Amino acid sequence: TRENKIEYRSPIICILGHVDTGKTSLLDKIRNTNVQGGEARGITQQIGASFIPIEAIKEQTKSFAEKVKMDFKLPGLLLIDTPGHESFNNLRSRGSGLCDVAVLVVDIMHGLEAQTIESINLLRMRNTPFIVALNKVDRIYEWKTCVNTNFVDAYKQQSKPAIQEFDSKVKETIAALAGQELNSELWWRNKDYKKVVSLVPTSAQTGEGIADLMLVVIQVMQKLMLEKVIYQEKLQCTLLEVKVIEGLGCTIDVILVNGRLKEGDKIVVSGFNGPIETNIRSIITPPPLTESRVKSQFIQHQEIKAAMGVKIVASGLEKAVPGTSLYVVDEDDDINAIKAEAIKEVESVLNDIETSGIGVSIQASTIGSLEAFSSFLKKIKIPVANVAVGPVAKKHVMSAAIMLEKDPKYAILLAFDVKIEDSAKQAANDMKVKILSEETIYLFEKKLKDHFDEIRQKLREETA
Ligand code: GDP
Ligand code: MG
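The text that follows walks through the structure, step by step, so that each part is easy to find. Not measured: the values here are computed from a predicted model.

About the cut-offs
- Residues numbered from 1 in each chain as written.
- Chains lettered and ligands numbered in written order.
- Predicted model: local features only at pLDDT ≥ 70, side-chain atom pairs only at ≥ 80, totals over all residues.
- Heavy atoms only, no water.
- Pairing = 2+ DSSP bridges.
- Helix = DSSP H or I, 4+ residues; strand = E, 2+ residues; numbered from the N terminus.
- Axes fitted to C-alpha atoms, helices over the stretch in contact; angles between N-to-C directions.
- Contact = heavy atoms within 4.5 Å.
- Disulfide = S-S within 2.5 Å.
- Core = buried A, V, L, I, M, F, W, Y, C linked by side-chain atoms within 4.5 Å.
- Buried < 20%, exposed > 50% of the residue type's maximum accessible area, 1.4 Å probe, protein only.
- Phe/Tyr/Trp six-rings, centres within 6.5 Å; stacked < 30°, edge-to-face > 60°.
- Lys NZ or Arg CZ within 6 Å of the ring centre and 35° of its normal.

### Quick word on the sheet that holds strand 22 (residues 384–389)
Strands sit in the order 22-21-23-24 across an open sheet of 4 strands; the sheet is parallel. Among the strands making up the open sheet, the edge pair consists of strand 22 and strand 24 (434–438). The mean inter-strand angle of the sheet, taken between neighbouring strand axes irrespective of direction, is 20°. Strand direction decides the pairing type here: strand 21 (residues 360–364) and strand 22, joined by 5 bridges, are parallel. Bridging from a neighbouring strand, S361 pairs with N386 of strand 22. Sheet strands in contact with helix 9 (residues 367–379) are strand 21, strand 22 and strand 23 (412–416), and its direction is about 145° off that of strand 21.

This is the structure we're talking about:
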């Protein structure tokens, strides 16, 4: 049939949520339940991501996939490994989210927490569909463990008190999500994937509901987003991280969303001081999962095809900006036009951030996190005067110091998940510019409140 000719790429899934809800454990469990019996079932460890092939998911869900009349169309799922919202912020690609669908992890015993809400806001900003994993169901009072069982079957095994507590926790979560203007429903009751968020109870410890989670992710993708994951030859590649690796030098970790990359390709990436032009020396991934205990070498690839997470070795990458696109320059391409596009990508984000003559200075590790941070400040009505990506240097402190004359309460630099150079610390100390540094956005809220309270207090003392 005609439909068979359409080629789909693996959707890119990221896992996010509050600290300690079990994001890392869930990822491990998804990998482990699919690597049973020493047989990897085609699961490959990539750079910054794990690939779960559809065959493994079919096998895992065969006991109940038939009941929901599932027709698997996708080649598999590409799970982004580094969870937490910091990395989610990096997952920005040409103005939209790189992540095709997200799993928002909530601890069923705790309900919604600060970072859960922050994540919901980010997902909305990027228009990313998501599923809620209600994790740690094994903590429910008198829960009877049903190792790696699908949730519906595990639920049938439970005693009355366990069912009662479970039902009441689910009700609380549904009410709390309604407070965030979200309709939600347990996944097997959800009749409208477009308007209602599916809740999937899971245990990353004992494995209940992991198969359900895989199934629901695929259902959401296939029902809402299938068009988006039709494979395209046009390159779409996002830079996640810049890392120095012993023996290799400076490397970049990228997610290839569409298209191909080849050894020797001439590439352009955005740099802190303008576009960087270089050649791919090698494309590498870690050894297969089954051999992970042996400390073997990376695997080299002559050519790779999307979707895939890989490490690229090339010279001159030290100043590459995470969160931006990687471009390949073909023979008949105009390199200057590509460089202009790379510059535009960074500048368009910087320009979209509303700045005023008077306000705080902000700095973040990636272009995506800068964007998210500035929208957070806008929401809490704090004006921003200066924005920058990358480590805090002396010159950034100097810019912030201009506020000492204009409006001293704004002589602060907010460093979101970035390093602060020693010279910058020294300069801040000398000039009395305050640097506030945090790794998550919501932790700034209290610090900012304290800062402005302190200033107000000082003013009151001075005028008294
Ligand atoms: P993260 O911060 O979201 O990545 O959370 P982790 O995966 O590091 O988990 C935080 C803690 O919760 C660890 O001690 C885990 O062992 C525990 N944990 C995670 N998932 C579960 C679960 O499903 N059940 C139980 N009982 N504990 C869990
Ligand atoms: Mg973790």
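### Digging into the state of the cysteines
Counted under the stated rule, the structure contains 0 disulfides. Unpaired in terms of disulfides, C237 finds its nearest cysteine sulfur in C250, a separation of 15 Å.

### Digging into the nonpolar core
Side chains of a nonpolar character, in soluble globular proteins, are inclined to be buried together. F166, I252, I255, L261, I312 and L326 are the most contacted members of the largest nonpolar core, which totals 61 residues. If one sorts the elements of this core by residue count, strand 12 (residues 249–258) sits on top with 6 residues. If we skip the residues at most four places from it in the chain, I252 touches L239, E241, V242, V269, V310, K311, I312, L317, A320 and L326. Counting 39 residues, the second largest nonpolar core, distinct from the first, contains I13, I30, L77 and L215.

### Details of the sheet that holds strand 17 (residues 299–301)
If you trace the 5 strands from one edge of the open sheet to the other, you get 11-12-19-16-17, paired in antiparallel fashion. With partners counted over all chains shown, the strands left at the sheet margins are strand 11 (236–245) and strand 17, one partner each. Within this sheet the neighbouring strands show an average axis-to-axis angle of 35°, counted without direction.

### Quick notes on the packing of aromatic side chains
One pass over the full model with this rule turns up 12 aromatic pairs. An angle of 20° between the planes, with centres 5.8 Å apart, marks the rings of F151 and W188 as stacked. Taken together, the positions of F151 in helix 5 (residues 151–156) and W188 in the loop between strand 9 (183–186) and strand 10 (196–201) put the pair 37 residues apart, joining distant regions of the chain. Look at Y410 and F452: their rings are 5.9 Å apart centre to centre, the planes differ by 70°, and that puts the pair in the edge-to-face class. Placement of the pair is Y410 in the loop between helix 11 (403–406) and strand 23 and F452 in helix 13 (residues 442–463), with a sequence separation of 42 residues. The exposure class assigned to F452 is buried, which follows from its relative accessible area of 13%. Across from the ring centre of Y193, 4.4 Å away, lies the NZ or CZ of K223, which sits over that ring.

Interpretation in functional terms is not warranted from these geometric data alone.
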